[in-house]
Every structure is written in structure tokens, then in C-alpha cells.
Amino acid sequence: MKWSFKKQKGPEWPNDENGEPVPPVYLKHISGGPLDLELALNLLEAYGIPHVSEFPNNGLFGKLIFGHPPSGMEIYVPETMLEDAQNILSAEIVEDEDEEGDEVDEYEGEDDEVEDEDEEKEEYEREE
């Protein structure tokens, strides 16, 4: 992948068996701040789902004035990818837990071993 200042193109819109572009279908209306809008679009792009955005009412004008569309944004995706896109945007974030119900820390095991060694040294020194 070549680095440049140009914005990278997102996923390509799929074609049907006749070589025609798959028709877009309505996915969801996203309202809120710019972070909500960008999060939804970036999630779709991260999973390779192309999208088309539309700003209803005066959304494009509002985006120009306020920096984000006050009336929100409507997202359309290829008909063949609708179910995947719905699952991605409606998914809940689940944190991994260990057997005891504690959150898993990526470095927990390494740090615990060092702490255990330090505790053993302190106990040994106390016994002497």
C-alpha cells in the first residue's frame, strides 16, 4: 500500500451476476454529533461494506454551517450486504472475562509473575 495525502477509497460497490451495480437499500438514520456519524461510517468501512450517505432536509447546508448535519444522516448499503451491516451497527461491545469474572488484562500474567517473585523474596528475607 502506497502512502499519500489523498484519501483512500473505501470498499468498492459490488456488482450482480449481470455486471450491474447492486441497488442500494436503506440501512439506518444516524442522528447525533459528528462522532456518532463517523463511528458508524468507519465501522462499515472497517468491515468492507461500502455505503452511500444522504443528508435529509437541510443537512448538507447544516454540515457546511455547523460542521455536522443537525438533522442527521441516512446510510444506504448494497442490498446484498444489508444483513451484515445491520449486525455490525447493532452489535454490543463485550469485554473478555477470565474464569473468576475479572476483566482480562493483556499483560496480567507477566506482571503477576514478577509480583509473586518479589513477594516470595520478601517472605524469605523476613524468615531469616
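Now for a quick tour of the structure. (Residues numbered from 1 in each chain as written. Predicted model: local features only at pLDDT ≥ 70, side-chain atom pairs only at ≥ 80, totals over all residues. Heavy atoms only, no water.)

## Here's the deal with the environment of V77
Now for step 1: In this structure, V77 sits in strand β3 (residues 73-78).
Now for step 2: Each C-alpha atom of the pair V77 and P50 lies 6.2 Å from the other, and the pair is 27 residues apart in sequence.
Now for step 3: In this structure V77 touches W13, P23, P24, V25, L27, L44, I49, P50, H51, L82 and A85, once residues within four positions along its chain are discounted. (Helix = DSSP H or I, 4+ residues; strand = E, 2+ residues; numbered from the N terminus. Contact = heavy atoms within 4.5 Å.)

## Focus on the pairing of β3
Now for step 1: Burial analysis of β3 places five of its six residues in the buried class, which makes it a mostly covered element.
Now for step 2: As judged from the six bridges shared by strand β1 (residues 24-30) and β3, these two strands associate in the antiparallel manner. Note that in β3 the partner of H29 across the bridge is E74.
Now for step 3: Note that strand β2 (residues 52-54) and β3 share three bridges and pair antiparallel. Bridge pairing links V52 to Y76 in β3. (Buried < 20%, exposed > 50% of the residue type's maximum accessible area, 1.4 Å probe, protein only. Pairing = 2+ DSSP bridges.)

## Focus on the packing of aromatic side chains
Now for step 1: Overall, the coordinates contain one aromatic pair when judged by the stated rule.
Now for step 2: Summarising the aromatic geometry, the rings of Y26 and Y76 are spaced 5.7 Å apart at their centres and angled 70 degrees between planes, so their arrangement reads as edge-to-face. In this pair, Y26 sits in strand β1 while Y76 sits in strand β3, placing the two residues 50 residues apart along the sequence. (Phe/Tyr/Trp six-rings, centres within 6.5 Å; stacked < 30°, edge-to-face > 60°.)

## A word on the sheet that holds β1
Now for step 1: Spatially, the three strands line up as an open sheet ordered β1-β3-β2, and their pairing is antiparallel. Because the sheet does not close on itself, it has two edges, and the strands there are β1 and β2. Mean inter-strand twist for the sheet, computed between neighbouring axes without regard to direction, equals 30 degrees.
Now for step 2: Against the sheet, helix α3 (residues 82-90) engages β1 and β3, with an angle of about 15 degrees to β1. (Axes fitted to C-alpha atoms, helices over the stretch in contact; angles between N-to-C directions.)

## A closer look at the nonpolar core
Now for step 1: Counting 14 residues, the largest nonpolar core has L27, L44, I49, I75, V77 and A85 as its most contacted members.
Now for step 2: Only β1, α1 (34-46), β3 and α3 provide two or more residues apiece to this core.
Now for step 3: For this core, the element with the highest residue contribution is α1, accounting for four residues. (Core = buried A, V, L, I, M, F, W, Y, C linked by side-chain atoms within 4.5 Å.)

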